[in-house]
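Residues per chain are reported as follows:
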Amino acid sequence: MQIGQVSTRIGLSLRTIRHWDEVGLVTPSARSAGGFRLYTETDVERLAFIKRLKPLDFSLDQIKELLATVDGLAQQEELSSERLEDLLGRLAMFRAATDSRLDALRHQVDSLESLSRDLKNLDTSTRSYNASQTP
């Protein structure tokens, strides 16, 4: 798949996909004869995974570390027990950070819903007041 198709499919800009390639988050599996980036289904899944991390405010370095952890765990039959324990520890750290950020986002959503209700009530009470003032 070419970059334009990938962009449309997962809702990322071409610029973002290129940037993530440049910083080493996801590298296209191949290049066409003309030098165009070509992405496999696995590449697209990786891009979608990274996209899901962005609202959690992970830095690009943190995302790189998480991807390295995930990639390492995919090779677990080749890992020493020490390396496996290290990767599982890192994964647990990312899971805890994700849970913490998710809780913060839930709190933010609750606050915004409360604000929205307050604004609706203000709108309703203002309209009621104006209607009562009309002769």
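Everything numeric here is computed off the predicted structure, so don't read it as measured data.

Trainee: Quick question: what am I supposed to make of the domain arrangement of the chain here?
Mentor: Interface size is commonly expressed as the accessible area that is lost once the parts come together. The domain boundaries assigned to the chain delineate domain 1 (1-55) and domain 2 (56-134). Taking only C-alpha atoms, the centre of domain 1 and the centre of domain 2 are 23 Å apart. Contact with domain 1, which involves 11 residues of that partner, is made by 10 residues of domain 2. Between domain 1 and domain 2 lies a buried interface of about 1,100 Å² when both sides are counted; carbon and sulfur atoms form 65% of it.

Trainee: Is there a simple way to explain the side chain of Arg 37 in this structure?
Mentor: Position of Arg 37 relative to the elements: it lies in strand E2 (residues 37-38). You can call Arg 37 buried: its relative accessible area is 15%. Side-chain polar atoms of Arg 37 contact the side chain of Asp 21, separated by 2.8 Å. Contact partners of Arg 37, with chain neighbours within four places excluded, come to Met 1, Gln 2, Ile 3, Arg 18, Asp 21, Pro 28, Ala 30 and Arg 31.

Trainee: Sorry, what's going on with the packing of aromatic side chains here?
Mentor: Any aromatic ring pair is given by two values, namely how distant the centres are and how the planes are angled relative to each other. Considering all chains together, one arrives at 1 aromatic pair under this definition. When the ring centre of Phe 58 is taken as reference, the NZ or CZ atom of Arg 101 above it lies at 4.4 Å.

Trainee: Looking at this model, I keep getting lost on the nonpolar core. Mind explaining?
Mentor: Within soluble globular proteins, side chains that are nonpolar tend to cluster in buried spots. Residues Val 6, Ile 17, Trp 20, Tyr 39, Leu 47, Ile 50 and Ile 63 are the most contacted members of the largest nonpolar core, which totals 19 residues. Of all the secondary-structure elements, those providing two or more residues to this core are helix H1 (3-10), helix H2 (14-22), helix H3 (41-53) and helix H4 (60-74). Composition of this core by domain shows at least three residues from each of domain 1 (1-55) and domain 2 (56-134). With near-sequence residues (within four places) excluded, Leu 47 lies in contact with Val 6, Ile 10, Leu 12, Ile 17, Trp 20, Val 26 and Tyr 39.

Trainee: What is the right way to look at the environment of Leu 47 in this model?
Mentor: Mapping Leu 47 onto the fold places it in helix H3. Judged by its relative accessible area of 0%, Leu 47 is buried. Spatially, the C-alpha atoms of Leu 47 and Ile 17 are 7.8 Å apart, while their sequence positions differ by 30 residues.

Trainee: Would you mind going over the layout of surface pockets with me for this structure?
Mentor: Gaps left between atoms show up when a probe the size of a water molecule is rolled over them. Space inside the largest pocket adds up to approximately 160 Å³. If you go around the largest pocket, the residues you meet are Thr 42, Asp 43, Glu 45, Arg 46, Phe 49, Leu 67, Val 70 and Asp 71. Mapped by element, the contributors of at least two residues to the lining of the largest pocket are H3 and H4. Of the residues in the lining of the largest pocket, the class split is 3 nonpolar, 1 polar and 4 charged. No fewer than three residues from each of domain 1 (1-55) and domain 2 (56-134) sit in the lining of the largest pocket.

Trainee: How should I be thinking about the packing of H1 against H2 in this particular structure?
Mentor: The description of two packed helices rests on the angle between their axes and on the distance between the axes. As a packed pair, H1 and H2 sit with axes 9 Å apart at the nearest point and diverge in direction by 110°. Regarding the angle of H1 to H2, the classification is roughly perpendicular. The handedness of the crossing between H1 and H2 comes out as right-handed. Residues Ile 3, Gly 4, Val 6 and Ser 7 of H1 touch H2, and the partners they reach there are Leu 14, Ile 17 and Arg 18. Its residues placed into classes, the contact of H1 with H2 shows 4 nonpolar, 2 polar and 1 charged.

Each value, and the rule that gives it
- For every chain, the first residue of its written sequence is number 1, and the numbers climb from 1 along that sequence.
- Local features in a predicted model are, by the rule used here, given only for residues with pLDDT of at least 70; side-chain atom pairs are given and counted only at 80 or more, and totals for whole chains, interfaces and linings are based on all residues.
- To get the side-chain values, all heavy atoms of the structure are used, and hydrogens and water are removed first.
- These domain limits were set by an automatic method or by a database of domain assignments.
- Whether two residues are in contact is decided by their heavy atoms: any pair within 4.5 Å suffices.
- A quick way to say it: buried area is the sum, across both parts, of accessible area lost when two parts are put together, with a 1.4 Å probe.
- Labels follow the DSSP assignment, with helices taken as runs of H or I lasting at least four residues and strands as runs of E lasting at least two, numbered in each case from the N terminus.
- A simple rule labels every residue: compare its accessible area, found with a 1.4 Å probe on the protein chains alone, to the largest value its type can have, and call it buried under 20%, exposed over 50%, or partly exposed in between.
- Nitrogen and oxygen atoms within 3.5 Å of one another constitute a polar contact, given that in protein one can donate a hydrogen and the other can accept it, and given that sequence-neighbouring residues count only through two side-chain atoms.
- The criterion for an aromatic pair is that two Phe, Tyr or Trp rings (for Trp, the six-membered ring) have centres within 6.5 Å, with stacked assigned to planes under 30 degrees apart, edge-to-face to planes over 60 apart and tilted to the rest.
- The rule is short: NZ of Lys or CZ of Arg within 6 Å of the ring centre and within 35 degrees of the ring normal puts a charge over the ring.
- Take the buried Ala, Val, Leu, Ile, Met, Phe, Trp, Tyr and Cys residues and link them wherever side-chain atoms come within 4.5 Å; each set so joined is a nonpolar core.
- Think of a 1 Å grid over just the protein atoms. A cavity is a set of points where a 1.4 Å probe fits yet cannot get out, a pocket is an open set with protein on both sides within 12 Å along at least five of seven lines, and lining residues have an atom within 4 Å of a point.
- Grid points are joined across faces, edges and corners, and a volume is the space filled by probe spheres set on the points.
- Any residue outside Ala, Val, Leu, Ile, Met, Phe, Trp, Tyr, Cys, Pro, Asp, Glu, Lys and Arg is labelled polar, Gly included; the first ten of those are nonpolar and the last four are charged.
- Throughout, an axis means a line fitted to C-alpha atoms (over the contacting stretch in the case of helices), and angles, computed between N-to-C directions, take values from 0 to 180 degrees.
- Angular relationships are summarised with four words: roughly parallel below 35 degrees, roughly antiparallel beyond 145, roughly perpendicular across 65 to 115, and oblique for the angles in between.
- Two helices that cross are described as forming a left-handed crossing if the nearer one is turned anticlockwise from the farther one by less than a right angle, and a right-handed crossing if clockwise.

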